[in-house]
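Topology and contacts: notes
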Amino acid sequence: TGRSLVQIPDLMLCHCPSSTLDLSLVRFITAELTRGYFLEHNEAKYTERRERVYTCLRIPKELEKLMTFGFFLCLDAFLYVFTLLPLRVILALLRLITLPCCGLSGSRLLQPAQVCDVLKGFIMVLCYSMMSYVDYSMMYHLIRGQSVIKLYIIYNMLEVADRLFSSFGQDILDALYWTATEPKEKKRAHIGVIPHFLMAVLYVFLHAILIMVQATTLNVAFNSHNKSLLTIMMSNNFVEIKGSVFKKFEKNNLFQMSNSDIKERFTNYILLLIVCLRNMEQFSWNPDHLWVLFPDVVMVIASEVAVDVVKHAFITKFNDISADVYGEYRASLAFDLVSSRQKNAYTDYSDSVSRRMGFIPLPLALLLIRVVTSSVKIQGSLSFMCVLLFYLGMITLKVLNSIVLLGTSCVFVKEANMEEKLFDPPPSAVSSQPTTDKGGIPVAPENPQVANMAESSAPTLPKSDSDTFLTTPDGDDDKIINANTGLEGDGLEHRTPKKDLLEIDRFTICGNRID
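Bear in mind the structure is a predicted one, so any value in this text is a computation, not a measurement.

We now examine the overall build of the chain. Secondary structure assignment for the chain yields 17 helices and zero strands. Every one of the 515 residues in the chain was classed for burial, and the buried ones make up 39%. Across the chain, the fraction of contacts at a sequence separation of at least 24, relative to all contacts at a separation of at least 6, is 82%. Taken as a whole, the chain presents about 30500 Å² of accessible surface, with 64% of it coming from carbon and sulfur.

Structure (structure tokens):
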């Protein structure tokens, strides 16, 4: 025919009626049983799949290392409110009383850190006096009388409200601290210290009430006969998996989620402690009742850990994120702790944890103090001695925890090669005015990188010089943006600069959402 011959597979020839090949069912079955294939022909694909499996297996270990480190960071900030903060307030008040007697004119009555400590102390005292008028028992019976579905909806609404309170609450406290310590020579651009102080008191009180309602709802779930409410509340954690694992995540979003999980886990531990204290009080501190609560407590903690492991394992799998990223997250949290111990520190460590994780210890500590004082009756000199010994034990725990955390954080910072920036001077507010010489002629900065940093940080609050570390650029996203918009090179400079890990706090918008 003049046409070129084409090789036809044996399975194709069996359908040709003119084929002279003697194919039978036996030969077909034999071929199916004996045919082979070689995986090395697609080595890269199978190697990638194996690495994904190894990454999923590493996630529980790396995640729990981050969670453990973050838990002790939150514990350190939480114990600070009970141990060192009262002592610092007393020292500040003594300085305020004795300094005028010393005749030291021209010096500040209190240092900025002491002013912040005094404000925190006054906030705690005023809020505690307001909390004493809240009847926990009446709240418990009011919530207990509601239906299961209504309580489930209320608990979900409380979780959302807690996030909103944490986001706006830290801004209120930061605004108060800055308003009270702002240099007097600056132009007045605020409403005054007293209005800010009243807003802070109102916020801490309302947030404490919110957490009290959460603890009361959890207590009702523990004491329900069929445990249906507790089961529904635990199932809510598994719903969180569905809303997280099937979304696109970047390293910054995963960092936010990790901080949120750390804060949520620590808060749940404190809520469980409050529930146990209230139940033990109702049963006259009978130790046998503690074993009745123990299975439910273990079940809640185990479900929380299981959900976090599954959620992070599949998020890293679907978004091709290495398990080593959790080491970067630990280094970022460790840098906050180490930098707060420097002479050029610009914030207290507890406030740094609040911004980074969204964990504000004041309302939670206020609620715990309210529950403990109402559950434990102190009578006689022996009881006061026990309280004093318990307080000294808490101070010892705080000091030991701080020492271990500081040493561990130094190791993490050194492994991440971030120790050089610890000795840099603190950042100052970037002025929008151009630099001029003696003749008034604008002068370009010697380092163009400094100029670029000034332009990008001009509309924001002053940041630490450590914000240039642990960058997480997304090269593929840049290529996609270039391809879609036709911008190349300098065209992307007008966009919002990418966030660095040390610049990401709990409520920073990364991409199009807050995780």
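Sequence positions flagged by UniProt for "transmembrane region" (unreviewed entry) are, in local numbering, residues 66-83, 122-143, 197-222 and 388-413. Along residues 122-143, the helical share is 82% and the strand share 0%, with 31 Å between the first and last C-alpha atoms. Secondary structure content for residues 197-222 is 100% helix and 0% strand, and the end C-alpha separation is 37 Å.

This brings us to the environment of Tyr 203. Within the secondary structure, Tyr 203 is located in helix α8 (residues 193-223). Relative accessible area serves as the criterion here: at 4%, Tyr 203 is assigned to the buried category. Separated by 35 residues in sequence, Tyr 203 and Phe 168 place their C-alpha atoms 8.9 Å apart. When sequence neighbours within four positions are dropped, the list of residues in contact with Tyr 203 reads Phe 165, Ser 166, Gly 169, Ile 172, Leu 173, Ile 360 and Pro 363.

Within the secondary structure layout, Asp 117 lies in helix α5 (residues 112-131). The residues contacting Asp 117, other than those within four sequence positions of it, are Tyr 80, Leu 85, Arg 88 and Val 89.

What follows covers the pattern of salt bridges. Taken as a whole and judged by the stated rule, the model has 17 salt bridges. Here Arg 52 and Glu 48 are joined by a salt bridge, their closest N and O atoms 3.1 Å apart. Placement of the pair is Arg 52 and Glu 48 together in helix α3 (residues 43-82), with a separation of four residues, close to one helical turn. Across the salt bridge formed by Asp 261 and Lys 311, the nearest N and O atoms sit 3.0 Å from each other. Placement of Asp 261 in helix α10 (residues 251-282) and of Lys 311 in helix α11 (residues 287-318) is noted, with a sequence separation of 50 residues between them. Accessibility classification places Asp 261 together with Lys 311 in one group, the buried group. Salt bridges linked by common partners bring Arg 58, Glu 62, Lys 65, Asp 324 and Arg 330 together as one network.

Looking now at the nonpolar core. Residues Phe 78, Ile 123 and Phe 222 are the most contacted members of the largest nonpolar core, which totals 109 residues. Among the elements that make up this core, the one with the highest residue count is α8 (17 residues). Not counting chain neighbours up to four residues away, the residues in contact with Ile 123 comprise Leu 173, Leu 176, Phe 197, Ala 200, Val 201 and Val 204.

What counts as what
Residues numbered from 1 in each chain as written. Predicted model: local features only at pLDDT ≥ 70, side-chain atom pairs only at ≥ 80, totals over all residues. Heavy atoms only, no water. Helix = DSSP H or I, 4+ residues; strand = E, 2+ residues; numbered from the N terminus. Buried < 20%, exposed > 50% of the residue type's maximum accessible area, 1.4 Å probe, protein only. Contact = heavy atoms within 4.5 Å. Areas by Shrake-Rupley, 256 points an atom, 1.4 Å probe, with all protein chains shown as cover. UniProt positions renumbered as here; feature names shortened; annotations may be inferred. Salt bridge = Lys/Arg side-chain N within 4 Å of Asp/Glu carboxyl O. Core = buried A, V, L, I, M, F, W, Y, C linked by side-chain atoms within 4.5 Å.

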